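Remarks on the overall topology
As a plain string of letters, each chain reads:
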Amino acid sequence: MSDTTVRPDARSFRELFLSGVPLLDVRAPVEFVRGAFPTAVNIPLMDDREREQVGLRYKEQGQHAAIALGTQLVYGEIKQGRIQAWADFARGHPQGYLYCFRGGLRSQITQQWLREEAGIDYPRVVGGYKAMRTYLAEVIRAAASAPGHLVLGGLTGSGKTDVLRDVDNAVDLERHANHRGSGFGKRVTPQPSQIDFEHRLAIDLLHKQARGWHAVVLEDESRLIGANALPLELLHAIQSAPLVWLDASLEQRIDRILREYVVELRAEFAASHGDAGDALFSQRLQDSLTAISRRLGGERHARLMALMRDALARQLETGDCDAHRSWIHGLLSEYYDPLYARHMKEKAPRIVFRGNAEAVTGYLRDQAARGRSVG
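What you are looking at is a predicted structure, and each value in this text was computed from that prediction instead of being measured. (Residues numbered from 1 in each chain as written. Predicted model: local features only at pLDDT ≥ 70, side-chain atom pairs only at ≥ 80, totals over all residues. Heavy atoms only, no water.)

1. What about the side chain of Lys 160?
Selection rule: Helix and strand assignments follow DSSP, with helices taken as H or I runs no shorter than four residues and strands as E runs no shorter than two, numbered in order from the N terminus. Exposure classes here rest on a 1.4 Å probe applied to the protein chains alone. A residue is buried below 20% of its type maximum, exposed above 50%, and partly exposed in between. Here, residues are in contact when the closest pair of their heavy atoms is within 4.5 Å.
Residue position: Lys 160 is located in helix H8 (residues 160–165). Taking relative accessible area as the criterion, Lys 160 reaches 8% and is therefore assigned buried. The contact partners of Lys 160, leaving out residues within four places of it in the chain, are Leu 152, Gly 153, Gly 154, Leu 155, Glu 219, Leu 246 and Tyr 340.

This is the structure in structure tokens:
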């Protein structure tokens, strides 16, 4: 990557995110953990302790003193190790870019050291992380205000996520949040930070727009998906857009919840934790039920917990999962379905179509095609 092949610094955030090019994040680890971008790798100019010291010096004595301290802290083998890591990244990802928080001093120092010590000219993102994040937040705001969105609703376990997977202009909010949405929806792997959730969502919307989808299908979600909160503009769009209702029988819903929340969840724990997986899986189910115990009431919680524990004992001993149907049936019929029923009066006027999975999928695809041709 010599001077004859120098690429300009990046200014088009849209192209950056649509292309999915690798990004070198030179911010401190604590900044990266709070929020970054899906293709970013953190190889910091300063670690957290060094950044804190330099920040204090900057507040007390100004920029020149802070730079001088940074030069003292990052020197010798430490400096060479970081330059080598950046150089390895740059050579491995020749089409990438680097960034710091504002695209200023830390990015420029990284560029300078790469050029002087490794002979590599590597472009930065103008405006850095702050400008990119601002851009993605605006993508969500603009997308939320676009006309033509549809919202997919249905009772717990009706298979809304399965339908969304079969509709090209659907945005799977639960996938971006790594959570199934209900009180039992926590996955084995952790949820993204709030900022990372918003970034994933915005980049998905960008890709949908690039393929001609400006009106999208969203699941009927509440404010929170696990620990991730929907951006308010998108929540308002979900609460006001026309509603498509997915019907499924109680037995179909029990089957699906049994598969996703019992069979598949146990497999996820086994894959992640080996021999300890079964104990963790068993505890997760019981913790999920306990988390809604106050809303269930003492008697109902105790009854459903007893059914769950009996089912877990049988499953872990024999592999038979059928006993789980009892507590799932009780949870749906006595708790989740009455919750939905209380909200249906206000939602009913927004329903423009309802049917089973095949009918709803066909309707959503037809509406998407019409919207795209008009757009």
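2. Considerations on the layout of surface pockets
Filter applied, for reference: Site definitions follow a grid-based scheme: protein atoms alone, a 1 Å grid, a 1.4 Å probe that fits but cannot get out for cavities, and for pockets an open set with protein on both sides within 12 Å along at least five of seven lines, plus lining residues having an atom within 4 Å of a point. Grid points are joined across faces, edges and corners, and a volume is the space filled by probe spheres set on the points. Put simply, Ala, Val, Leu, Ile, Met, Phe, Trp, Tyr, Cys and Pro go in the nonpolar bin, Asp, Glu, Lys and Arg in the charged bin, and everything else, Gly too, in the polar bin.
Here the largest pocket is characterised by a volume of approximately 1300 Å³. Lining of the largest pocket is provided by 49 residues; of these, Glu 174, Arg 180, Gly 181, Ser 182 and Glu 221 occupy positions nearest its centre. Residue assignment for the lining of the largest pocket shows that the elements contributing at least two residues are H8, helix H9 (173–177), helix H11 (232–240), helix H12 (250–273), helix H13 (277–291) and helix H16 (324–347). Top contributing element to the lining of the largest pocket by residue count: H16, with seven residues. Its residues placed into classes, the lining of the largest pocket shows eleven nonpolar, 15 polar and 23 charged. Put simply, the second largest pocket is a space of about 790 Å³. Counting residues per element, the ones that place at least two in the lining of the second largest pocket are helix H3 (48–61), helix H4 (63–73) and helix H6 (105–118). Looking at which element gives the most residues to the lining of the second largest pocket, the answer is H3, with seven residues. Of the residues in the lining of the second largest pocket, the class split is 13 nonpolar, six polar and six charged.

Treat this as a map of the structure, not an account of what it does.
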